[in-house]
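# Structure at a glance
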Amino acid sequence: MSLPDEDRALSPFTGWTRTHWAAAADRMLLGVRPHASPTQALLRLPGSPSRSGEWSDGLEGFARTFLTAAFRVAGSGGVDPHDFLGRYAAGLAAGTDPTNPERWPTFAEAGQAKVEAASIVIGLHETRPWLWDRLDSGVQERVVTWLAGQVGEPAIDNNWIWFQNVTEAFLRSVDGPWSQADLDRNCELTESWHRGGGWYTDGGLRKHDFYTAWAFHLYPLWWCRMSPDLPLAQEYRPVYLDRLAEFLPDHAALFGADGAPLFQGRSLIYRWAALAPVWAAAVFDSGPFDPGVLRRWASGTLRYFLDRGALDGADVLTTGWHGPFPALAQWYSGPASPYWASKGMLGLLLPEDHPVWTSVEAPLPVEQGDYELDLPGPGWLVSGTKADGVVRVVNHGTDRASDERLAPELPIYTAFAFSTHTAVHLDPAVELRRGRGLEAIPTDSAVVLLDAQGEPSMRPPVRPLGVVDGVAFSRHRAHWPVDPAAETFRVGPTVTVGSVLRGSWEVRLVRVEEPTGSEDQAEESVTSAGLRLRVSGWPLASETPPEIETAPEGEVILAGGLLGRAVGLLGLVGGAPLRLEGVSAVGRFSAVSTLVSVGPVEPGRIYAAAFGLAGQQAEPGLSVAGVDVAAAGDSGATPAVTVRWSDGVAQSFDWPV
């Protein structure tokens, strides 16, 4: 679409205006139209069904696409040239008719229906003058009856409680049943999950990912929007707005200059749903960013995915990241699941004269300059570099654990490093064998002990030891699965890992120690004798096999415009690079640098490596000058570590007890 000069002046970074967003929404909605059932109640997209079944998946297709249609029409003042709302009105009538063969499952018949109800009620709220108010009273009564099944339901220990809250908010607005007790309990639970700075864990100990963005900074505020006269909502509205304002700078720091969000956590097939808090900031006029930054941020991310094949040739959203990548699907993922990207379309609610559409685009944080951040909430160190637009995260606090029991590896949570330009490896074969979703053998950004058979140890649960002044530590017990379901484990030594992140470099430090206690889950123990330490770097992927070179100071891998480096600093030397195919969401072929211990691992010794990730054209700039470890003295004493950088900066710290 060609832009007039005035639009180009408004969008110097992305070239996109509200017209482009509306066209993208239309493209998505028209693309799914051929897959609607005869009554429009179910939208059955091609692909593998979720474990909830095809019936539930059909409802999911209706609800999630309805959310985009609602934003599209409401933001246009009810103008609906493609008759989107007419079709969804027909689907509402049929789906809630208990005698219709295409009726929707009740919440008792499919728990997933509770999730989809939230999208339906938000859509109904936003389009009320053009849809709900025009429905036949009998249809309205049936919708209320269907939704009322959530009232009084017990809490679920994650973001699902907010599906109940927004559903009851809508029911209250149309004189349907609702429960003050449900709302009180759910708000209190949400408070228990806040970890500071606007960061939430999704109901567990260390479940940090984009659910903070697309759930906890969307539904609570929309509940307030839907319940403006409810005292409880009035009480919490300023709390949620303050947390959104606190969270947004951290969230912005996790997006690359090309618009790519950080590749970390579950449900990544929702893609630009990560924009939900960006648009919420515009809708609620909250947060530190000017409207031009918000639009540049959102448009850059939507373009990132559309330019890389998120929609297929028939304009249907695929299950993947760029194009299709089935290994990203989880047990709850159906063919229509990716349409929760609709949350990232809510900016269309804002009319064309809103400041977010009329302001001049302004740069993202990574386009303004280099930065390093401590994020104690999720236990992350963050580095962004302006020269290449890459953002890197070092992880010492996130593992998706609900308790402290040993667990299988979930690299998409438990890797030591993530970025906006790489994707952790997810092996489809391992995925199918275990059937739990997102489990895989750790390959990239990992610290593992290799047993006599060469099997790598696993990390979770992570025991965070702190994030302070650009240095982070965590500890875990190395363990290996005994059976294919990984319900019992062989348990090995304790592994403490520290990271220092500056610019494009992470210095990773490792110390292995024999355990002082036993693990209840252990069928057998593994001592450090004969174990070898392997520390791996960034997973670089491209459509052709990556080039690998061996430089005097360490291994170099070139792929997809990126340069990855691995340098052994203390006790580690170059190992065989890992070459894989079909395990990355950003390229067919992958390569990972590895560094290994010289001989069996030595308990108590500190090993060190440096891993770099940069654009091939980025200025060399900073590098690691070395790592020094002061004598620890008596056994068990605390060593002191100093990391020296090429610009003369030295960072010193004690090894954690």
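Counting from 1, residues in each chain are numbered in the order their sequence is written. This being a predicted model, a pLDDT of at least 70 is required before a residue's local features are given, and a value of 80 or more before pairs of side-chain atoms are given or counted; all residues contribute to the totals for chains, interfaces and linings. Remark: hydrogens and water are excluded; side-chain values derive from all non-hydrogen atoms of the structure.

### Here's the deal with empty space enclosed by the protein
The way it works is a 1 Å grid over only the protein atoms, where trapped points that fit a 1.4 Å probe form a cavity and open points with protein on both sides within 12 Å along at least five of seven lines form a pocket, and then any residue with an atom within 4 Å of a point lines it. Grid points are joined across faces, edges and corners, and a volume is the space filled by probe spheres set on the points. Considering all chains together, one arrives at six cavities of 30 Å³ or more under this definition. The volume enclosed by the largest cavity comes to roughly 130 Å³. Every residue lining the largest cavity is listed: Leu-29, Val-32, Arg-33, Ala-36, Gln-40, Leu-43, Phe-62, Phe-84, Arg-87 and Tyr-88. Of all the elements in the fold, those that place two or more residues in the lining of the largest cavity are α2 (18-32) and α4 (84-95). Strands here mean DSSP runs of E at least two residues long; helices mean DSSP runs of H or I at least four residues long; both are numbered from the N terminus. No other element matches α4, which puts three residues into the lining of the largest cavity. Class assignment of the residues belonging to the lining of the largest cavity gives a composition of seven nonpolar, one polar and two charged. In this model, the second largest cavity occupies a volume close to 100 Å³. The nonpolar class holds Ala, Val, Leu, Ile, Met, Phe, Trp, Tyr, Cys and Pro. Asp, Glu, Lys and Arg form the charged class, and all remaining residues, Gly among them, are polar.

### Considering the pattern of salt bridges
When the charged atoms of two side chains lie near each other, side chains of opposite charge can form a pair. When a carboxyl oxygen of Asp or Glu is within 4 Å of a side-chain nitrogen of Lys or Arg, the pair counts as a salt bridge. Applying the stated criterion to the full structure yields 25 salt bridges. Taking the shortest distance from any N to any O, the salt bridge between Asp-647 and Arg-502 comes out at 2.9 Å. Here Asp-647, found in the loop between β20 (640-645) and β21 (650-654), pairs with Arg-502, found in strand β8 (residues 489-502); they are 145 residues apart in sequence, far enough to count as distant. Accessibility here uses a 1.4 Å probe with only protein chains present; expressed as a share of the type maximum, an area under 20% marks a residue as buried, one over 50% as exposed, and anything in between as partly exposed. Looking at Arg-502, the relative accessible area reads 18%, which means it is buried. Because the salt bridges share partners, they merge into one network encompassing Glu-60, Arg-64 and Glu-116.

### Points about the environment of Leu-230
Structurally, the position occupied by Leu-230 is in the loop between α10 (219-226) and α11 (231-252). Along the chain, Leu-230 and Val-556 lie 326 residues apart, while their C-alpha atoms are 59 Å from each other. Beyond its immediate sequence surroundings of up to four residues, Leu-230 is in contact with Arg-172, Trp-178, Gln-180, Leu-183 and Trp-223. Two residues qualify as a contact provided that any one of their heavy atoms is within 4.5 Å of a heavy atom in the partner residue.

### Quick word on the nonpolar core
Nonpolar cores were defined as sets of buried Ala, Val, Leu, Ile, Met, Phe, Trp, Tyr and Cys residues, with membership established by side-chain atoms within 4.5 Å. Within the largest apolar cluster, 151 residues are counted, with the highest numbers of intra-cluster contacts made by Trp-21, Tyr-219, Trp-223, Trp-272, Trp-297 and Leu-328. In contact with Trp-223, not counting residues within four places along its chain, are Trp-162, Asn-165, Val-166, Ala-169, Leu-183, Cys-187, Leu-230, Leu-232, Ala-233, Tyr-236 and Tyr-240.

### Looking at α11
Expected helix span is computed as 1.5 Å times (number of residues minus one). For α11, with 22 residues, the first-to-last C-alpha span of 32 Å sits near the 32 Å given by 1.5 Å per residue. Largest kink in α11: about 30°, centred on Arg-237, with the proline Pro-238 one to four residues after it. All of the buried residues along α11 are Leu-232, Ala-233, Tyr-236, Tyr-240, Leu-241, Arg-243, Leu-244, Phe-247, Leu-248, Asp-250, His-251 and Ala-252. Axes are fitted to the seven residues ending at a residue and to the seven starting at it; the angle between these axes is taken as the bend at that residue.

### Considering the pairing of strand β16 (residues 578-584)
The side chains of a regular strand alternate, first on one face of the sheet and then on the other. Here, strands pair whenever DSSP counts at least two bridges between them. In the sheet, β16 pairs with strand β17 (residues 587-597) via five bridges, with the strands oriented antiparallel. Residue Arg-579 lies in a different strand from β17, and its bridge partner there is Ala-591.

### A word on the packing of aromatic side chains
Note on aromatic pairs: each is described by the distance of the centres and the angle between the planes. Stacked, edge-to-face and tilted labels apply to pairs of Phe, Tyr and Trp rings (six-membered ring for Trp) whose centres lie within 6.5 Å, assigned for plane angles under 30 degrees, over 60, and everything in between, in that order. Applying the stated criterion to the full structure yields 35 aromatic pairs. Judged by centre distance (5.5 Å) and plane angle (65°), the ring pair of Trp-162 and Trp-223 falls under edge-to-face. On the criterion of sequence distance, the pair formed by Trp-162 in helix α7 (residues 161-173) and Trp-223 in helix α10 is long-range, its members being 61 residues apart. Across the pair, Trp-223 and Trp-162 agree in class, each one buried. With centroids separated by 6.0 Å and ring planes inclined at 45°, the aromatic side chains of Trp-272 and Phe-305 adopt a geometry described as tilted. Remark: Phe-305 occurs in helix α13 (residues 291-306) and Trp-272 occurs in the loop between α11 and α12 (276-283); sequence separation between them is 33 residues. Here the aromatic cluster, defined as three or more aromatic residues joined through ring pairs, consists of Trp-160, Phe-163, Phe-210, Tyr-211, Trp-214, Tyr-219, Tyr-270 and Trp-340. Criterion for a charge above a ring: Arg CZ or Lys NZ at most 6 Å from the ring centre, at most 35 degrees from the ring normal. Taking NZ or CZ as reference, Arg-172 lies 5.2 Å from the ring centre of Trp-178, over its face. The cationic tip of Arg-266 hangs over the ring face of Tyr-211; the distance from NZ or CZ to the ring centre is 4.1 Å.

### Section: the confidence of the model for the protein
The pLDDT score gives, residue by residue, the confidence of the prediction method on a 0 to 100 scale. In the predicted model, the protein carries a mean pLDDT of 93, and the fraction of residues at 70 or more is 95%. Taken as a whole, residues 431-436 scores under 50 in pLDDT and shows 17 contacts with residues more than four places along the chain or in a different chain.

### Some remarks on the environment of Asp-399
Here Asp-399 is to be found in the loop between β3 (390-395) and α16 (411-414). Accessibility expressed as a relative area gives 2% for Asp-399, which makes it buried. Sequence spacing of Asp-399 and Ser-173 is 226 residues, and the spatial spacing of their C-alpha atoms is 39 Å. Setting aside its immediate chain neighbours within four residues, Asp-399 contacts Arg-206, Leu-410, Tyr-413, Thr-414, Pro-461 and Val-462. Polar side-chain contacts of Asp-399 include one of 2.8 Å to the backbone nitrogen of Ala-401. Pairs of N or O atoms are called polar contacts if they sit within 3.5 Å, as long as, within protein, a hydrogen donor faces a hydrogen acceptor (for residues adjacent in sequence, only side-chain-to-side-chain pairs).

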